[in-house]
Amino acid sequence: MRRYFRVLSLCVALAFFSALYAFGQLASSLEARTAGRPDSGQEISANPGEGRRLRRRRQQRRPGGDDEAQKVHQLEPVHLAVVACGARLEETLTMLKSAVLFSSKALNFHIFTEDHLHGDFQKALNSWPAVHRHKFNYTTYPITFPNENSNEWKKLFKPCASQRLFLPLILNQVDSLLYVDTDILFLQPVEEIWNFLSRFNSSHLAAMAPEHEEPRIAWYNRFARHPYYGKTGVNSGVMLMNMTRIRATYFKNDMTSIPLSWEDLLMPLLQKYKLNITWADQDLLNIIFHHNPERLYVFPCQWNYRPDHCIYGSNCAAAEEHGVFILHGNRGVYHDDKQPVFRAIYEAIQKYSFGGDPLRDLLHPLEANLQRPSNTYCGRVAHLFTKRLRWSIGNLPHRQTPAGG
């Protein structure tokens, strides 16, 4: 009988420890599964090497990061993307010229355009003088949309404009990118806006300027039939992106309780809101960042200065203090007479020939032109348009600061 109890005790002990082992394995499995589940804003990688690269990039952009990380960031070239369809060749070349004129940092241009324009871009860019040509590399790409609903995307708002939504997926080897509309002019070095990447915190993955400064004349808060970012929305004509983070992030949305990747989010968003959006891809971006406001860094209005900032009176305080840094000639103002100051800036850069004296051949004729009496509010603040331009020309190599700059 005593031997029977000893055997029974041994069996009970073995069963007890077996149960403990099983429960331990189950707990470990559940913990691993929970840790691997996509969450809003979680960054994932396909392999350990990519994970290490993501961690290094996060460290480079961490506020107050070490000096070595800042040095790596400064050595990276600026990646600049533009989408040009229809009659936008000359306007795009003028934008690219403004980027090359004032920048000292290496530039990589990513030009998305229709097939018949590829040769025109190549011919024009290859003809620029070697002293400027060595500053940049460029690649032309075909307009590319997902196979399903490609026609719907292509015809959204303006020809090919929604291409920008797919840049993180197409340029999947590019870490960070500055996207600009064709009607942008840089009045200072491109690297100045590129430096905003170093101000991103660990959540930021894109940067844009507000759509309006004055709510009483703003579009979104008065007319939008969909969610939008902040009080007045954001304008996507100048958009700085950390595309590594965009590709690795899952976004909150109002279609499902499960966060979605960028790739999986775009089409459902279009299907839900296509009857309620006016500005197409910009509206979709506003909806995305309405639900994910912590992901967006907002830079001041002088980095995306448009007619809305002066057409009814000056309302961009940052430009009044520092001047206009990036000019955005939407509303077609480079090509009509409604806002002569915008057209004057555009034509001055367009007509300037590489190799000329930018002070004598660009700035002085422009300032003489802008001194003419103006009956527009934008014309009355013309000095804001040339303030930063004078600084940029004054800081070009072998060029002294212009008098009065």
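All figures in this text were calculated on a predicted structure; none of them were measured in a lab.

Calculation rules
- Residues numbered from 1 in each chain as written.
- Predicted model: local features only at pLDDT ≥ 70, side-chain atom pairs only at ≥ 80, totals over all residues.
- Heavy atoms only, no water.
- Helix = DSSP H or I, 4+ residues; strand = E, 2+ residues; numbered from the N terminus.
- Expected span 1.5 Å × (residues − 1).
- Buried < 20%, exposed > 50% of the residue type's maximum accessible area, 1.4 Å probe, protein only.
- Contact = heavy atoms within 4.5 Å.
- Axes fitted to C-alpha atoms, helices over the stretch in contact; angles between N-to-C directions.
- Left-handed = near helix turned anticlockwise from the far one by under 90°.
- pLDDT = per-residue confidence, 0-100.
- 1 Å grid on protein atoms, 1.4 Å probe; cavity = no way out; pocket = protein on both sides within 12 Å on 5 of 7 lines; lining within 4 Å.
- Points joined across faces, edges and corners; volume = space filled by probe spheres on them.
- Nonpolar A, V, L, I, M, F, W, Y, C, P; charged D, E, K, R; others polar.

Turning our attention to helix H15 (residues 340–351). Between its first and last C-alpha atoms H15 spans 16 Å; for 12 residues at 1.5 Å apiece the expected length is 16 Å, and the two agree. Along H15, the residues classified as buried are Val341, Phe342, Ala344, Ile345, Tyr346, Ala348 and Ile349. On its buried side, H15 packs onto helix H4 (89–102), strand E5 (184–186), strand E11 (326–328), helix H16 (358–370), helix H17 (377–380) and helix H18 (383–394).

In contact at an axis separation of 11 Å, H4 and helix H5 (residues 118–126) are set at 35 degrees when each is read in the N-to-C sense. Here H4 runs over H5; the crossing is right-handed. For the pair formed by H4 and H5, the contact residues are Leu89, Thr92, Leu93 and Leu96 on the first element and Asp120, Phe121, Ala124 and Leu125 on the second.

For the rest of this paragraph, the subject is the confidence of the model for the chain. Put simply, the chain has an average pLDDT of 84, and 79% of its residues get 70 or more. Here residues 17–72 is a poorly scored stretch, pLDDT under 50, and it has 52 contacts once near neighbours within four places are set aside; other chains count. Note on residues 400–405: pLDDT is under 50 here. Beyond four places in sequence and across chains, it has nine contacts.

Its boundaries defined by the atoms lining it, the second largest pocket holds a volume of some 460 Å³. As for the second largest pocket, its lining consists of 21 residues, of which Leu101, His132, Lys135, Leu396 and Pro397 are closest to the centre. When grouped by side-chain class, the residues that make up the lining of the second largest pocket number nine nonpolar, nine polar and three charged.

Moving on, we get to unusual backbone geometry. We note that Ala280 has phi near 50 degrees; this positive angle belongs to a residue other than glycine. Here Ala280 shows up in the loop between helix H12 (262–273) and helix H13 (281–291). Even without being a glycine, Arg331 presents a positive backbone phi close to 65 degrees. Within the fold, Arg331 resides in the loop between E11 and H15.

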